[in-house]
Amino acid sequence: MDSIKKKMIAMKMEKENAQDRAEQLEQQLRDTEEQKAKVRLKTPNRRLIRHLRTNDPVSATNDAVYCIET
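Trainee: Looking at this structure, I do not really get the overall build of the protein chain. What am I missing?
Mentor: Check the secondary structure of the protein chain and you find two helices and zero strands. When each of the 70 residues of the protein chain is scored for burial, the buried share is 6%. For the protein chain, the computed accessible surface area is about 6,600 Å², with 55% contributed by carbon and sulfur atoms.

The following block contains the structure:
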């Protein structure tokens, strides 16, 4: 009977540790996706810049045009 209780406690601890690890990994994933979105905001959309340079002489010198999606 004691060995069954010990086994059940060990399984419970394994489950709790696995859940904690899963939560940590999910948080890391959210953080990574947030950083990726920030980088995407800072990266210029080259097609948009090329279009502006060829079609708008005022924007030809403006490299500070940024787009959320590339």
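Trainee: Before we go on, may I ask you to explain a nonpolar patch on the surface in this structure?
Mentor: A surface patch of nonpolar side chains, amounting to about 480 Å² of accessible area, comprises M1, I4, M8 and M11. Mapping M8 onto the fold places it in helix α1 (residues 2-42).

Trainee: Would you take a moment to explain the confidence of the model for the protein chain for this structure?
Mentor: Looking at the protein chain as a whole, its pLDDT mean stands at 78, while 61% of the residues score no less than 70. Counted against residues more than four places away or in other chains, residues 59-70, with its pLDDT under 50, gives 23 contacts.

Trainee: Hey, could you run me through a negative patch on the surface in this one?
Mentor: A surface patch of negative charge is lined by E16, D20, E23 and E26. By the element assignment, E23 lies in helix α1.

So, how was this worked out
- Residues numbered from 1 in each chain as written.
- Predicted model: local features only at pLDDT ≥ 70, side-chain atom pairs only at ≥ 80, totals over all residues.
- Heavy atoms only, no water.
- Helix = DSSP H or I, 4+ residues; strand = E, 2+ residues; numbered from the N terminus.
- Buried < 20%, exposed > 50% of the residue type's maximum accessible area, 1.4 Å probe, protein only.
- Areas by Shrake-Rupley, 256 points an atom, 1.4 Å probe, with all protein chains shown as cover.
- Patch = residues over 30% accessible without salt bridge, like charges linked within 9 Å, V, L, I, M, F, W, Y side chains within 5 Å.
- Salt bridge = Lys/Arg side-chain N within 4 Å of Asp/Glu carboxyl O.
- pLDDT = per-residue confidence, 0-100.
- Contact = heavy atoms within 4.5 Å.
- Lys, Arg positive; Asp, Glu negative; His and termini not counted.
- Charge placed at Lys NZ, Arg CZ, Asp CG, Glu CD.

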